[in-house]
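Commentary on secondary and tertiary structure
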Amino acid sequence: MGIMSRIHTGPRQWTDEDDSLPPDSWGRAPSVRRALPWGFVLVVALLVVGRFALAPHLASPALQTWATIFVAICVQALPFLVFGVALSAAITAFVPASFWTRALPRRPAAAVPVAGMAGAVLPGCECASVPVASGLMARGVTPAAALAFLLASPAINPIVLVATAVAFPGQPLMVAARFGASLVVAVLVGWLWLRFGRSDWLRIPSRPHGEGSKLAVFGDAMRHDLLHAGGFLIVGGLAAATLNVLVPREWLTAVAQVPWLAVLVMALLAVLLSICSEADAFVAASMTAFSPTAKLAFLVVGPMVDLKLIALQVGTFGRAFAARFVPLTFVLAVAVSALSGWLLL
Amino acid sequence: MNRLSQNLILVLLGGAVLRISAFSTTYLNYVKPGFRPFLIGAGAVLLVLGLTGLVQAWRAKEGAGDGHAPAGGPPAGGNGHDDPAGDGGGRGQGHGHGHGHGGPRIAWLMCLPVFAIFLIAPPALGSFAAARSDDPPPRRSQALTAFTPLDGKGPVDMKISEFIARAWDDEKKSLTGRTVRLTGFAVPSRKPGRWYLTRMQLACCAADAFPLKVLVKGVEAPPADTWVEVTGTWIPPTFEKMPNGAVHPELSATGLVEIDAPAEPYED
């Protein structure tokens with residue numbers, strides 16, 4: 001360690017001595033490229049140029065309708081996203097870890113439904129649910145309960161339910177169906193994992209450490225979640241606007257009229273679009289051609305299985321885990337939401 | 001993407017949202033009027049987050065220039081928990097602590113609404129959207145079972161939704177022989193000699209809007225998307241049962257006045 005500190009000076013400190021490798025920044029000098037945000041300069045330049053050169057040409061009714069729908073979804077969902085991220089960042093920053101080990105019952109079979117219900121009061125964006133669950137496991141919570149929480153908290157927390165109520169006015173059963181179906185899936189997956197899961201499938205990460213003051217952790221968690229979730233929300237808005245304007249209505253109604261196909265298509269769309277659960281209700285509501293059951297499938301599958309979550313789970317818990325967890329969750333989510341939709345909607 | 005870009009994106013998006021909600025009424029083209037305070041709040045939060053992040057990044061640069069590592073500020077985009085992926089695709093490694101992987105590339109997409117707002121300035125939904133969906137509007141759950149009788153003389157100002165409800169659901173046929181004045185925009189019809197007076201109604205936001213249409217006969221069709229006030233009387237339907245498909249109540253128009261597009265284009 002002494003030799004190293006003589007060779008490298010300035011901001012290059014090997015602060016984390018648990019790690020066997022030195023920090024990335026030792027390898028190369030910080031490039032001048034990173035000093036100026038060139039990407040951002042390009043964005044502003046495009047905006048200015050576009051305002052004067054392009055704006056008169058962007059006046060076709062189809063493009064304007066597409067843009068209206070796109071901006072409407074983004075703008076409508078944004079306050080819910082911001083509030084949800086703020087609450088979940090607050091929990092990450094301010095709730096001590098010991099709270100969890102004290103609050104859950106000892107018997108794993110009982111801890112699973114309690115952890116699932118805890119998702120109803122503790123908002124967790126999908127982006128946060130995987131790290132939070134891995135943190136729980138690292139602190140000794142039984143993995144099945146942590147997994148139940150991982151699935152439940154993005155799906156049934158109060159922000160999501162309010163957003164669903166706002167997106168489907170006059171349809172309280174949609175909110176109830178989302179809550180019920182998601183909770184059932186989370187608890188079922190937890191119990192199944194308890195019964196059939198093997199510990200060598202799950203790679204429990206080492207204990208994470210927080211850095212900086214609580215307020216700094218809060219602000220950084222918010223920025224991090226907003227940037228991740230915001231990008232995917234925009235993708236969802238783009239897809240919904242395109243489906244609404246470009247795809248001929250007849251195609252949509254043709255798919256929507258075959259019940260099992262509609263449910264499956266919406267479930268797969270939910271996996272592809274990876275929208276944050278606080279915002280997906282608005283995208284689902286915009287798909288007016290589809291039946292309520294198909295929209296319910298979109299809402300139940302989305303917070304539990306999507307490309308972003310799969311990537312996070314592979315990265316945090318390992319491939320062996322994801323290869324079993326993802327198909328199980330997807331199949332259960334589709335089945336339970338189809339059943340709930342048939343019963344309630 | 002480095003910290004500077006991340007925070008600048010937040011500032012840009014927050015600024016755009018504030019521009020359409022706090023400093024103008026453009027937001028009414030996209031969402032319901034009651035949503036304004038939430039939009040302003042969200043825009044302000046984004047702006048504040050971005051600005052404080054910029055200040056932190058600037059301070060960190062100053063600190064690093066003095067020769068010691070920045071204190072208190074966690075590395076770009078990370079906080080103290082596992083965070084492997086987020087870019088479209090994602091990297092499959094777990095990191096034990098958040099060291100700077102920068103922000104996710106997908107966050108650049110958050111500039112798109114800003115582009116849309118400033119370059120395209122999307123207007124309220126008009127005849128293109130109204131012509132696309134010919135589905136009958138979903139029945140509102142709060143159906144008026146008792147319609148108040150229309151007394152008095154002179155034309156009655158009425159919302160299109162009320163006109164449609166009275167046309168189909170009123171057993172006492174309160175519209176018979178009564179002059180009404182309706183406001184909406186013009187949507188052309190494929191058949192000659194008639195056009196639709198339309199207003200869009202929102203379930204939640206502009207993405208799930210559906211059209212409320214009244215078939216107008218008797219005056220010449222104004223250009224599509226023109227906002228007008230039409231005065232006329234209801235033409236009772238000649239069929240006994242409601243036919244399948246989209247049917248619209250008919251109005252025999254006697255007068256037409258062009259008006260400015262209202263600030264609140266959607267009917268509540």
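Reading the values: rules and limits
- Residues numbered from 1 in each chain as written.
- Chains lettered and ligands numbered in written order.
- Predicted model: local features only at pLDDT ≥ 70, side-chain atom pairs only at ≥ 80, totals over all residues.
- Heavy atoms only, no water.
- UniProt positions renumbered as here; feature names shortened; annotations may be inferred.
- Helix = DSSP H or I, 4+ residues; strand = E, 2+ residues; numbered from the N terminus.
- Buried < 20%, exposed > 50% of the residue type's maximum accessible area, 1.4 Å probe, protein only.
- Contact = heavy atoms within 4.5 Å.
- Areas by Shrake-Rupley, 256 points an atom, 1.4 Å probe, with all protein chains shown as cover.
- pLDDT = per-residue confidence, 0-100.
- Salt bridge = Lys/Arg side-chain N within 4 Å of Asp/Glu carboxyl O.
- Arc of directions from axis to C-beta.
- Pairing = 2+ DSSP bridges.
- Right-handed = clockwise from strand over helix to strand, strands pointing away.

In the nomenclature of an unreviewed UniProt entry, chain B is known as TIGR03943 family protein of Planomonospora alba.

Chain A goes by Permease in an unreviewed UniProt entry, where it is assigned to Planomonospora alba. If you open the UniProt record of chain A and go to Subcellular location (unreviewed entry), you find "Cell membrane". The UniProt entry for chain A carries the following comment under Sequence similarities (unreviewed entry): "Belongs to the UPF0718 family."

1. Considerations on the overall build of chain A
Helix and strand counts for chain A stand at 16 helices and zero strands. For chain A, buried positions account for 54% of its 345 residues. If you take every contact in chain A between residues at least 6 apart in sequence, the share linking residues at least 24 apart comes to 81%. Carbon and sulfur atoms provide 69% of the accessible area of chain A, an area that totals close to 14,900 Å².

2. Here we look at the confidence of the model for chain A
Per-residue confidence for chain A gives a mean pLDDT of 81; residues scoring 70 or more make up 86%. Averaged pLDDT values for the elements of chain A fall to 49 in helix H1 (residues 2-7) of chain A and rise to 93 in helix H14 (residues 292-301) of chain A.

3. Some points on the pattern of salt bridges
All names here are of chain B. Counted according to the given criterion, the structure contains five salt bridges over all chains. In this structure, the salt-bridge partner of lysine 217 is glutamate 250, at a minimum N-O distance of 2.9 Å. In this pair, lysine 217 sits in strand E4 (residues 210-217) while glutamate 250 sits in strand E6 (residues 250-258), placing the two residues 33 residues apart along the sequence. Its relative accessible area of 25% is what places lysine 217 among the partly exposed residues. Look at glutamate 250 and you get partly exposed, because its relative accessible area is 22%.

4. Some words on helix H5 (residues 108-118) of chain A
Helical geometry note: an α-helix holds 3.6 residues per turn, so side chains three or four residues apart project in the same direction. Residue and element names in this part refer to chain A. Along H5, the residues classified as buried are Ala111, Val112, Ala115, Gly116 and Ala118. For H5, the angular spread of buried residues about the axis comes to 155°, placing them on one side. Buried residues belonging to H5 abut helix H7 (143-156) and helix H9 (172-196).

5. Quick notes on the pairing of strand E2 (residues 179-188) of chain B
Residue and element names in this part refer to chain B. As paired strands, strand E1 (residues 156-157) and E2 are joined by two bridges and run parallel to one another. Across the sheet, the residue bridging to valine 156 is valine 180, located in E2. Handedness of the crossover joining E1 and E2 through helix H5 (residues 160-169): right-handed. Relative to strand E5 (residues 227-235), E2 is paired through seven bridges, and the arrangement is antiparallel.

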